[in-house]
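Single-letter residue listing:
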Amino acid sequence: MKLNIAILPGDGIGPEIIEQGMKVVRAVCTIFGHELHARTALVGAAAIDATGHPYPDQTHQLCMESDAVFFGAIGHPRYDNDPSARIRPEQGLLAMRKSLGLFANIRPIVTFPSLIRQSPLRAELIEGADLVCIRELTGGLYFGRPQGRSEDGNTAYDTCVYTRQEIERILRLSYGYAQKRRKKLTVIDKANVLATSRLWRQIAREIEKEYPDVETEYMFVDNAAMRLIQCPKSFDVMVTENMFGDILTDEASVITGSLGMLPSASIGLHTSVFEPIHGSYPQAAGKNIANPIATILSAALMFEYAFNLAEEAEVIRRAVAASMEAGVATEDITREGKAYTTSEVGDFIRQLL
Ligand code: IPM
Ligand code: MN
């Protein structure tokens, strides 16, 4: 098969982890006889420096022409400490999500047996946890207008907007996932306070009738935040709006042992994007210490979702699990013993393949 991939390393640790991900992608293509066409483009702070824009037209063109986008991370401390910066790297990520129509962000959360002792949560709570968070990705507070400041600068506002169409499509997609899994869907909102959440709940109540084989559960987001670490095994598929999903999935990463473990797939109207859920981790940039596993597992999702190559994905996951069994891991997930570098972990996983 011919695989046309756009590579967007981005900022911070992005280039280092994407390099490891590409080692794995290339190895899998060689093993299975796929023809790989990979082209690289700029995004984020790197793109602002070069072009003045965090998601340049050229990058968008490449994404549109490709079958999948393999994305590193975005963000730079130079902008974090400058609230008045008019152009920010994160706008590149949001522009990409919006212009590719990536309305669903799929974040699978599974525990790895070799990492169970790594989690601050008790082993028996997380052993066997296996859930998927589906985060709506192109609506809500991230995109609602108006957003900004009053003239005197002393009042700021964001707007949370959701339409019926946006809510229906993400719910239907989520029911589809639940049907293929353990047939439970938790709809997470704040319907006791927010108008958008009440619309979510109203629509969910309407369409749950179309999926009688799936058990629908409703939960307020504050309660969900608690239950997620108190009894993660009670969840199968959860669906929620953009910002709740952003927060809950960082929290959920604790179940797996490290933020450096969670991959994601963003799917929608055009080319799908595969990226780790963690950010650009600027403190680690260039140090060869960042965990490449979230990125490598994102490559597995890419084979599975973008190319329908499930065996390739499974082979990658097995190699990742084996590297952890062997104790070849970066500092965030090594409790005792030697910590390996980003590139050593990448090389080891490639060798295992
Ligand atoms: C994520 C990130 C982004 C988000 C940031 C970098 C804009 O935290 O993908 O979860 O908030 O969506
Ligand atoms: Mn996030």
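All figures in this text were calculated on a predicted structure; none of them were measured in a lab.

1. Side note on the overall build of the protein chain
- When its secondary structure is counted, the protein chain shows 13 helices and twelve strands.
- In terms of overall dimensions, the protein chain is globule-like: its C-alpha atoms have a radius of gyration of 20 Å, near the 20 Å expected for 353 residues.
- Each of the three principal axes of the protein chain carries a C-alpha extent, and together these read 50 × 50 × 40 Å.
- By the burial criterion, 54% of the 353 residues in the protein chain qualify as buried.
- When the accessible surface of the protein chain is split by element, carbon and sulfur atoms take 51% of a total near 15100 Å².
- Charge centroids of the protein chain, computed over 36 positive and 44 negative side chains, lie 2 Å from each other.

2. Points about the sheet that holds strand β8 (residues 184–189)
- Read from one edge to the other, the open sheet built from ten strands follows the order β2-β1-β3-β12-β11-β4-β5-β10-β8-β9, with strand pairing classed as mixed. Pairing within the sheet leaves two strands with one partner each, and these edge strands are β2 (35–40) and β9 (215–220). Here the strands of the sheet are splayed against their neighbours by 25° on average, with no regard to which way each runs.
- Summarising the sheet, strand β5 (residues 130–136) and strand β10 (residues 237–240) pair through four bridges and their orientation is parallel. Pairing of Arg 135 across the sheet is with Thr 240, part of β10.
- Along the sheet, helix α10 (residues 242–256) contacts β4 (104–110), β5, β8 and β10; its crossing angle with β4, the most-contacted strand, is approximately 20°.

3. As for the environment of Glu 210
- Positionally, Glu 210 belongs in the loop between α8 (195–207) and β9.
- On the basis of relative accessibility, which here comes to 48%, the residue Glu 210 falls in the partly exposed class.
- Distance from Glu 210 to Thr 138, taken between C-alpha atoms, is 25 Å for residues 72 residues apart in sequence.

4. Observations regarding the site of ligand 1
- Close to ligand 1 lie Glu 90, Leu 93, Arg 97, Arg 107, Arg 135, Tyr 142 and Asp 246.
- Contact between ligand 1 and Arg 97: an oxygen atom at 2.7 Å from a side-chain N or O atom of the residue.
- Here an oxygen atom of ligand 1 and a side-chain polar atom of Tyr 142 are 2.6 Å apart.
- Bound to the protein, ligand 1 loses 80% of the 320 Å² it would expose on its own.
- Ranked by the residues each element gives to the shell around ligand 1, the list is headed by helix α5 (residues 89–99), at three residues.
- Partitioned by chemical class, the residues of the shell around ligand 1 number two nonpolar, no polar and five charged.

5. Section: the domain arrangement of the protein chain
- Assigned domains of the protein chain: these are domain 1 (1–102 + 259–353) and domain 2 (120–256).
- Put simply, the middle of domain 1 and the middle of domain 2, counted by C-alpha atoms, are 24 Å apart.
- With 13 residues of domain 1 in contact, the opposing surface of domain 2 contributes twelve residues.
- Per-residue buried area on domain 1 facing domain 2 is highest for Leu 94, Arg 97 and Lys 98; these three make up 37% of the total on that side.
- Where domain 1 packs against domain 2, one counts one residue pair in polar contact (both at pLDDT 80 or more).
- Mapped by element, the contributors of at least two residues to the side of domain 1 that touches domain 2 are α5 and β11 (263–267).
- Partitioned by chemical class, the residues of the side of domain 1 that touches domain 2 number nine nonpolar, two polar and two charged.

6. Some points on the packing of aromatic side chains
- Tallied over the entire structure, the rule returns two aromatic pairs.
- Residues Tyr 162 and Trp 200 carry aromatic rings whose centres are separated by 5.3 Å and whose planes lie at 85° to one another, so their mutual orientation is edge-to-face. Here the residue Tyr 162 occupies a position in the loop between β7 (156–157) and α7 (164–180), and Trp 200 occupies one in helix α8, the gap between them amounting to 38 residues.
- Judged by its relative accessible area of 7%, Tyr 162 is buried.
- For the ring pair Tyr 175 and Tyr 211, a centre distance of 4.3 Å and an interplane angle of 5° mean the geometry is stacked. One end of the pair, Tyr 175, is in helix α7; the other, Tyr 211, is in the loop between α8 and β9, with 36 residues separating them in the sequence.

Rules used in this analysis
- Residues numbered from 1 in each chain as written.
- Chains lettered and ligands numbered in written order.
- Predicted model: local features only at pLDDT ≥ 70, side-chain atom pairs only at ≥ 80, totals over all residues.
- Heavy atoms only, no water.
- Helix = DSSP H or I, 4+ residues; strand = E, 2+ residues; numbered from the N terminus.
- Rg over C-alpha atoms; globule rule 2.2 N^0.38 Å.
- Buried < 20%, exposed > 50% of the residue type's maximum accessible area, 1.4 Å probe, protein only.
- Areas by Shrake-Rupley, 256 points an atom, 1.4 Å probe, with all protein chains shown as cover.
- Lys, Arg positive; Asp, Glu negative; His and termini not counted.
- Charge placed at Lys NZ, Arg CZ, Asp CG, Glu CD.
- Pairing = 2+ DSSP bridges.
- Axes fitted to C-alpha atoms, helices over the stretch in contact; angles between N-to-C directions.
- Contact = heavy atoms within 4.5 Å.
- Near = heavy atom within 4 Å.
- Polar contact = N/O pair within 3.5 Å; in protein donor to acceptor, adjacent residues only side chain to side chain.
- Nonpolar A, V, L, I, M, F, W, Y, C, P; charged D, E, K, R; others polar.
- Domains from an automatic or database assignment.
- Buried area = accessible area lost by both parts, 1.4 Å probe.
- Phe/Tyr/Trp six-rings, centres within 6.5 Å; stacked < 30°, edge-to-face > 60°.

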